[in-house]
Each structure stands twice: as C-alpha cells, then as structure tokens.
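The lines below spell out each chain.
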Amino acid sequence: MSITKGIFIKYFAKRRLVSHVKELAIYNDKGIHWRSHDSAQVAAERKRLIELILVQLPKLGNSESAIKLNEIITSGALAEDDEGQYIDLAKSI
C-alpha cells in the first residue's frame with residue numbers, strides 16, 4: 001500500500017469514526033424520543049452505531065486515544081453518552 005493511500009484510509013476512517021460518535025450522542029440525546037423507540041430498538045441502534053465505530057478503530061492504529069475510546073466502548077459508557085463527551089477524544093485519534 002502506498003503512503004498516500006494509507007493517509008487517505010486513515011483520514012476517512014477518522015472522519016467516519018467522529019461522525020458515528022456524534023450520531024450516537026445525538027441519538028441518545030434526542031433521537032430516541034424523536035423516533036419513539038422502545039428499549040429493544042434503542043439497544044439495536046446503539047449496537048449498530050458501536051459496530052460502525054469498531055470497524056473504524058483498527059484503521060487508526062493503537063494510539064493512547066484509540067485505546068481509551070475502546071475502553072469506553074467496552075465499559076458501555078459510549079453507548080449511553082447523550083452529551084457528546086467523547087467526540088473530542090474521537091477527534092484526537
């Protein structure tokens with residue numbers, strides 16, 4: 001893989017990662033209510049977004065920020081974030 005291609009892969013992976021983290025926070029803040037989701041639908045949507053985030057993380061290496069975000073995912077805190085408190089962490093990867 002060329003260096004240029006690797007740079008683009010990381011760039012777009014980071015954009016997608018940040019976008020998915022934002023989308024999850026927005027969903028938790030207002031989306032659950034706008035969509036009138038029941039608990040099963042909420043769990044499914046959170047799982048879908050977490051899976052999209054987990055697809056991007058390996059493309060970004062093992063930086064301290066990536067490791068920290070993975071720990072937050074594992075703890076379940078990211079899935080319930082309704083304030084966007086992890087967006088800056090995602091941007092720092």
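These numbers come from a predicted model, not from an experiment.

Draft legend 1. Up close: the side chain of Glu45. Its location among the elements puts Glu45 in helix H2 (residues 39-56). Apart from residues no more than four positions distant in its own chain, Glu45 is found in contact with Glu23, Tyr27 and Arg35.

Draft legend 2. Spatial organisation of the packing of aromatic side chains. If you walk through the whole model with that rule in mind, you get two aromatic pairs. Relative to Phe12, the ring of Phe8 lies with its centre 6.4 Å away and its plane at 20°, an arrangement referred to as stacked. Of this pair, Phe8 and Phe12 are both found in helix H1 (residues 3-34), four residues apart, which corresponds to roughly one turn of the helix. Among the residues examined, Phe12 registers a relative accessible area of 37% and is labelled partly exposed. On the numbers, 5.0 Å between centres and 80° between planes, the contact of Tyr11 with Phe12 is edge-to-face. Joined through ring pairs, the aromatic side chains of Phe8, Tyr11 and Phe12 make up one cluster.

Draft legend 3. View of the environment of Asp38. Take Asp38: it is sitting in the loop between H1 and H2. Asp38 sits in the partly exposed class, given a relative accessible area of 43%. C-alpha separation for the pair Asp38 and Ile9, spaced 29 residues apart in sequence, amounts to 36 Å. From its side chain, Asp38 meets the backbone nitrogen of Gln41 in a polar contact 2.8 Å long.

Rules used throughout
Residues numbered from 1 in each chain as written. Predicted model: local features only at pLDDT ≥ 70, side-chain atom pairs only at ≥ 80, totals over all residues. Heavy atoms only, no water. Helix = DSSP H or I, 4+ residues; strand = E, 2+ residues; numbered from the N terminus. Contact = heavy atoms within 4.5 Å. Phe/Tyr/Trp six-rings, centres within 6.5 Å; stacked < 30°, edge-to-face > 60°. Buried < 20%, exposed > 50% of the residue type's maximum accessible area, 1.4 Å probe, protein only. Polar contact = N/O pair within 3.5 Å; in protein donor to acceptor, adjacent residues only side chain to side chain.

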